Amino acid sequence: MIALALHGGAGAKAGRDYSTEIAHMRDVAASARERLKAGASALDVAVEVVRALEDSGLYVAGRGASPNAAGDYELDASLMDGHARTAGAVAALKDFPNPILVARTVMDKTPHVMLAGDGAARFAAEQGFAPLPDPKAYFIRAGRFESNHPPGTLAHGTVGCVVLDAKGRLASATSTAGVFGKLPGRVGDTPIIGAGTWADGTAAISCTGQGEYFIRVNAAAQVSFRHAAGEALETAGNAVLQQIADMGGEGGLIAINAKGGIAVPFKSQGMKRAWFQGDGEIISAAF
Ligand code: ASP
């Protein structure tokens, strides 16, 4: 059994037209299915999907990133291999186009799980990633930020992917620019293993929403632990999102288990998402 879910963030706003994103997510899911059928690993596919979502500029990650309150682009990303229990992350990485690829390299090439800020940027350059010569020319939201998202409202967007491959391995990957107008140095849930991203032998989860709340309930890992203790995946996801809602936060998550079960719950106006199981239909939606 192969299965996959991806998301383009729980910042979707009622009444907006997301048909471009819905079509794009469907295409990305279709390509990922071909790779999985050809034997690619869950981790490789999760990273490749997130890289494609970053590059599209359609979501608040990678090319579509929003700047922080100082006008800089500080991006967060992480991934976890549920089979090997290895993980990698970058936080507040400035001016590289694909933070998920740097996070992968942190996992593969260092004894660490997370690098942050200047150290992450130095590491990326040393590993051969090319820093953007003109970040404001690359990030497509530059210059049109964002009078309708005043700082402090925690308006947000993210991308993520969870995968079960043909060998039964689970993986998760997540990438974000975080919340609009965040303070310089702010780090959300996305690069924090356990909060925004988690994978083990039971389930893989990628979260999206107001990261401050997801950190405080250890959202992603909690879903897997509840599922391992016997709750249905959907029930576990909703229980964690309800804890966040009770604290005043919002968001959603995508989750997949070792049998290819998928849950995509959200407690927000919408969540851009797509998923498939085996050769089944690819479902892609925003609300
Ligand atoms: N969780 C992300 C963060 O707080 C934002 C999002 O998912 O939309 O950085």
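Residues numbered from 1 in each chain as written. Predicted model: local features only at pLDDT ≥ 70, side-chain atom pairs only at ≥ 80, totals over all residues. Heavy atoms only, no water.

Enquirer: Give a detailed account of the pairing of strand β8 (residues 203-209), specifying residues and quantitative values.
Expert: Of all 7 residues in β8, 7 are buried; the element is thus mostly enclosed. Burial along β8 is two-sided: Ala203, Ile205, Cys207 and Gly209 facing one way and Ala204, Ser206 and Thr208 facing the other are all buried. When strand β7 (residues 197-199) meets β8, the two strands line up antiparallel, connected through 3 bridges. Opposite alanine 199, over in β8, you have alanine 204 as the bridge partner. Where β7 folds back on β8, the antiparallel hairpin that results is connected by 3 residues. Alignment of β8 against strand β9 (residues 251-257), held across 7 bridges, turns out to be antiparallel. What sits directly across from serine 206, in β9, is isoleucine 254. (Buried < 20%, exposed > 50% of the residue type's maximum accessible area, 1.4 Å probe, protein only. Helix = DSSP H or I, 4+ residues; strand = E, 2+ residues; numbered from the N terminus. Pairing = 2+ DSSP bridges.)

Enquirer: Please set out the packing of helix α2 (residues 42-56) against helix α3 (residues 99-109) residue by residue, giving values where relevant.
Expert: Between α2 and α3, whose axes approach to 8 Å, the crossing angle comes to 150°. The orientation of α2 relative to α3 falls into the category roughly antiparallel. Taken together, the residues of α3 that come into contact with α2 (itself represented by Leu43, Asp44, Val47, Val50, Arg51 and Glu54) are Pro99, Ile100, Leu101, Arg104 and Met107. For the contact of α2 with α3, a count of residues per class yields 7 nonpolar, no polar and 4 charged. (Axes fitted to C-alpha atoms, helices over the stretch in contact; angles between N-to-C directions. Parallel < 35°, antiparallel > 145°, perpendicular 65-115°, else oblique. Contact = heavy atoms within 4.5 Å. Nonpolar A, V, L, I, M, F, W, Y, C, P; charged D, E, K, R; others polar.)

Enquirer: So what's going on with the site of the ligand? Which residues, and what values?
Expert: Contacts to the ligand come from His156, Gly157, Thr158, Thr176, Gly178, Val179, Arg186, Asp189, Thr190, Thr208, Gly209 and Gly211. Separating an oxygen atom of the ligand from a side-chain N or O atom of threonine 158 is a distance of 2.5 Å. Within the backbone of glycine 209, an N or O atom sits 2.7 Å from a nitrogen atom of the ligand. Across the complex, the protein chains shield 100% of the 270 Å² of accessible surface that the ligand would expose by itself. Placement of the ligand is best described as lying within the largest cavity. At the level of elements, β5 (156-164), β6 (170-179) and β8 are the ones that each hand at least two residues to the shell around the ligand. Looking at the shell around the ligand, its residues break down into 1 nonpolar, 9 polar and 2 charged. (Near = heavy atom within 4 Å. Polar contact = N/O pair within 3.5 Å; in protein donor to acceptor, adjacent residues only side chain to side chain. Areas by Shrake-Rupley, 256 points an atom, 1.4 Å probe, with all protein chains shown as cover. 1 Å grid on protein atoms, 1.4 Å probe; cavity = no way out; pocket = protein on both sides within 12 Å on 5 of 7 lines; lining within 4 Å. Sits in = over half its atoms within 2 Å of the grid points.)

Enquirer: I'd love a proper account of the packing of helix α7 (residues 219-228) against helix α8 (residues 233-246), names of residues and values included.
Expert: Direction vectors running N to C along α7 and α8 enclose 140°, while the axes themselves pass 9 Å from each other. Between α7 and α8, the angle is such that the two are oblique. Viewed along their axes, α7 and α8 form a crossing whose handedness is right-handed. Residue-level contacts link Ala219, Gln222, Val223, Arg226 and His227 of α7 to Leu233, Ala236, Gly237, Ala239, Val240, Gln243 and Ile244 of α8. (Left-handed = near helix turned anticlockwise from the far one by under 90°.)

Enquirer: Quick rundown of empty space enclosed by the protein? Include the residues and the values.
Expert: Per the stated rule, a full pass over the model turns up 1 cavity of 30 Å³ or more. A volume near 60 Å³ is recorded for the largest cavity. Lining the largest cavity are 14 residues, with Thr176, Gly178, Asp189, Thr190 and Gly209 sitting closest to its centre. At the level of secondary structure, the elements contributing two or more residues to the lining of the largest cavity comprise β5 and β6. Residue composition of the lining of the largest cavity, grouped by class: 2 nonpolar, 9 polar and 3 charged. (Points joined across faces, edges and corners; volume = space filled by probe spheres on them.)

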